[in-house]
Amino acid sequence: MNLIENVRVAIRALLANKLRAMLTMLGIIIGSGAVVALMSFGNGATSAITEQIEGIGSNLVTLLPGRFEGGGPDAAANADPLEYDDYVSIKENVPIAGRLAPSIENFGTVVYSNNSVNAAVIASTPEYLDIRNFEIELGRPLTASDNATGARVAVIGPDLGTELFGGLNPVGRSIKVNGVFFEVVGVTVAKGGGFGGSDDENVFIPIETGYKRLYGNSMVTNGKRTVSNVIISPLNADDVDQAMVEVERLMRRRRGLKLSDDLDFTLFSQNAFLDAFSAITATLTAFLGVIAGISLLVGGIGVMNIMLVSVTERTREIGLRKAVGAKRATILTQFLIETMMLSLVGGAIGVTFGWGVSTIVRQLDILDAQVTMGSIVLAFSVVAIIGIVFGIYPAMRASRLSPIEALRYE
Amino acid sequence: MTTEDAEDYVIDGRNLTKVYTMGDNEVRALDGVDVKIKRGELLSIMGPSGSGKSTLMAILGCLDSPTSGEYMLDGEPVHALGDNALATIRSKQLGFVFQQFNLLPRTSAMEQVSMPMIYAGVRGRKRKQRAEKMLQLVGLGERMDHTPAELSGGQQQRVAIARSLANDPAILLADEPTGALDTKTGIEIMALFKRLNREEGITVIIVTHDVEVAEQTPRVIHIRDGLIEKDVINETVVDIDPDSIPAH
């Protein structure tokens, strides 16, 4: 008896009881659908977070004053601030650091007409916008001459623009930042989301303007201009580690730290951040996969249960088949194929269903859910294994029935 | 016994014993039965329930193996064969007809008859032709696509007989084939067995407790308590014309 005949016999047996076959498959459908859908959600979350982090800038390393590892906020607060000259020195002495920008980051009150918004004010050099991947939607970016002359010009985020101006074009209008007039010369392209605060509600001003017009002595310590942080963006991803080593060495020297001293500044790489979050989302995805896998397992047990009932119910049929010449292996194969068909057809429906759910979630813009080939292969492998593992026992029971006892079964 | 003699007997069982162990009790369902049946015979095995006749039929039909004794089927020793070898013999040499027909539900007559051929490895076209031929032989040429629910008891038993003939067996074993049928239909089925025996040369063994059935076969083996009580040749075989019985 060949495989095709066996499959036909199995299909006929399943079609003879359509409702039961459907209900049996339901567990497998839900389980495999859940594997595909939940893993696509996990992948969607991973890529969303990765995108957010990468959107901050490429190969970004941030130099901050204070020690953030284990020291807690006090250590940061008590540390010497970074100097503007640190930025100049890195720029001159560490070519591998690539592009870099110093910035003063503060919250300020931004006012236009009767509207007042508390927003992040970032005073930096013109490179800042580039390094942080901000693009200009309206007007122009900040320029080197804006910085050189300490011009009172600002580029604002699109959300801030909407909050201040409503539908009006912000470009060319005057806003007050902490009571100082600035002319809006540009609006950035919306980045969406944002990590630790929106990136679309910022006010960007030239750093010189910040020192001269806005912050005065508050950003000067011991006669030296200070900055909140310096962002560094090596040109190649491979250079990040080397750049961090060289910047650290330079900063140690500049801050007079001996080799035995702890660092009182932090070099924080975006990659480390990315790795940490990737680890979290990978765990999340695996967790979702395991939950879905458990439901698949329960579905498999349901299949076995029904197949055992089916074997008992069809005892006479099995006896008859044996009486007319079916061998043990033939009966075993027949029931195994029935279980496999239930599992695989259920798996196929479930994968399609999971795919559909994932597509709907993506279409509704809830999450950029991505169905991966891996999750489909995983779902099908588990389903196939379930088909065999949970099918083998009922099939063995069927194949071992003695023909005369089976025929006498009432 | 010479070789020629051995070939005469399609069934040659010697000292067939079947012992069932139930807890501490031994039940000797067959207690040393010798049975020889010639090719082309039509006979009944008779006995009350519990006599061992069903056990004998199971062993003769290779559905079960004897605890001891020898069984030569068509000259081949089969008493010591394993499950798979017995399945092959059942497939090629034996046809079964049961009291309860044992047809598959929701399955057409064509497919019922095809099933034993699937197990015997007969391919599609040939299988279909053979199944059609067998259904015509039992008088169901017009009802090949009907499922058991659409057939009368007699018609269902005819499908079962056609199925038993599918692989051209040497022996047809029928276990109370008329037990679930009314008198007229029972006689029709008996007439069909007699015709198959006469025209196709098939050895037909009918297991029954019904004297009226046994009266219609030329030889009757009586079994009681696991032993052959008597083995008689019917001098006056009753031959009833089914049409003489009024349908009710």
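Computed from a predicted structure; not experimentally measured.

Conventions adopted
- Residues numbered from 1 in each chain as written.
- Chains lettered and ligands numbered in written order.
- Predicted model: local features only at pLDDT ≥ 70, side-chain atom pairs only at ≥ 80, totals over all residues.
- Heavy atoms only, no water.
- Contact = heavy atoms within 4.5 Å.
- Buried area = accessible area lost by both parts, 1.4 Å probe.
- Salt bridge = Lys/Arg side-chain N within 4 Å of Asp/Glu carboxyl O.
- Polar contact = N/O pair within 3.5 Å; in protein donor to acceptor, adjacent residues only side chain to side chain.
- Nonpolar A, V, L, I, M, F, W, Y, C, P; charged D, E, K, R; others polar.
- Pairing = 2+ DSSP bridges.
- Helix = DSSP H or I, 4+ residues; strand = E, 2+ residues; numbered from the N terminus.
- Axes fitted to C-alpha atoms, helices over the stretch in contact; angles between N-to-C directions.
- Parallel < 35°, antiparallel > 145°, perpendicular 65-115°, else oblique.
- Left-handed = near helix turned anticlockwise from the far one by under 90°.
- Buried < 20%, exposed > 50% of the residue type's maximum accessible area, 1.4 Å probe, protein only.
- 1 Å grid on protein atoms, 1.4 Å probe; cavity = no way out; pocket = protein on both sides within 12 Å on 5 of 7 lines; lining within 4 Å.
- Points joined across faces, edges and corners; volume = space filled by probe spheres on them.

A. Seen up close, the interface of chain B and chain A. Contact with chain B, which involves 24 residues of that partner, is made by 23 residues of chain A. Here chain B and chain A share an interface that buries about 2,200 Å² over both sides, 56% of which is from carbon and sulfur atoms. Where chain B meets chain A, there are three salt bridges. Taking the shortest distance from any N to any O, the salt bridge between Arg12 of chain A and Glu111 of chain B comes out at 2.8 Å. Inspection of the chain B/chain A interface yields eight residue pairs in polar contact (both at pLDDT 80 or more). A breakdown of the residues in the side of chain B that touches chain A according to their chemical character gives ten nonpolar, six polar and eight charged.

B. Seen up close, the sheet that holds strand 2 (residues 25–38) of chain B. All names here are of chain B. Taken in spatial order, the four strands line up as 2-1-4-5 in an open sheet, and their pairing is antiparallel. Here the strands that pair on one side only, and so sit at the sheet edges, are strand 2 and strand 5 (76–77). In the sheet, strand 1 (residues 9–22) pairs with strand 2 via eleven bridges, with the strands oriented antiparallel. Among the inter-strand pairings, Thr21 is bridged to a residue of strand 2, identified as Glu26.

C. A look at the packing of helix 11 (residues 315–323) of chain A against helix 12 (residues 328–363) of chain A. Residues and elements named next belong to chain A. Across the interface, helix 11 lies against helix 12 with an axial gap of 10 Å and an inter-helix angle of 140°. Between helix 11 and helix 12, the crossing angle belongs to the class labelled oblique. Considering the relative orientation of helix 11 and helix 12, their crossing is right-handed. Residues Glu317, Ile318, Arg321 and Lys322 of helix 11 pack against Arg328, Ile331, Gln334 and Phe335 of helix 12. Class assignment of the residues belonging to the contact of helix 11 with helix 12 gives a composition of three nonpolar, one polar and four charged.

D. The pattern of salt bridges, seen in detail. Throughout the structure, instances matching the rule amount to 29 salt bridges over all chains. A salt bridge links Arg224 of chain B to Glu229 of chain B; the shortest N-O distance between them is 3.1 Å. A residue is classified by how much of its surface remains accessible, and Arg224 of chain B, at 42% relative accessible area, is partly exposed. Three or more residues are tied together by salt bridges with common partners; here these are Arg314, Glu317, Arg321 and Glu338 of chain A.

E. Representation of empty space enclosed by the protein. All names here are of chain B. Using the criterion set out here, one finds two cavities of 30 Å³ or more in the structure. Its volume calculated, the largest cavity comes out at about 80 Å³. Mapped onto the lining of the largest cavity, the elements with two or more residues apiece are helix 3 (83–93), strand 6 (94–97) and helix 6 (153–165). Ranked by residue count, the leading element in the lining of the largest cavity is strand 6, at three residues. Looking at side-chain class alone, the lining of the largest cavity contains eight nonpolar, four polar and two charged residues. Roughly 40 Å³ of volume is contained in the second largest cavity. By residue class, the composition of the lining of the second largest cavity is seven nonpolar, two polar and no charged.

F. Inspection of the environment of Val88 of chain A at higher detail. Residue and element names in this part refer to chain A. Considering the arrangement of structural elements, one finds Val88 in helix 4 (residues 84–93). Look at Val88 and you get partly exposed, because its relative accessible area is 27%. Considering only alpha carbons, one finds Val88 and Ala101, 13 residues apart in sequence, at a separation of 9.5 Å.

G. Spotlight on the packing of helix 1 (residues 3–15) of chain A against helix 12 of chain A. Residue and element names in this part refer to chain A. Interaxial distance between helix 1 and helix 12 falls to 9 Å at its minimum, and their mutual angle equals 60°. Taken together, the axis directions place helix 1 and helix 12 in an arrangement best described as oblique. Both helix 1 and helix 12 take part in a crossing whose hand is right-handed. When helix 1 is examined against helix 12, the residues Leu3, Asn6, Val7, Val9, Ala10, Ile11, Ala13 and Leu14 are found in contact with a partner set consisting of Thr330, Thr333, Gln334, Ile337, Glu338, Met341 and Leu342. Split by residue class, the contact of helix 1 with helix 12 holds ten nonpolar, four polar and one charged.

That's the geometry; what it means functionally is another story.
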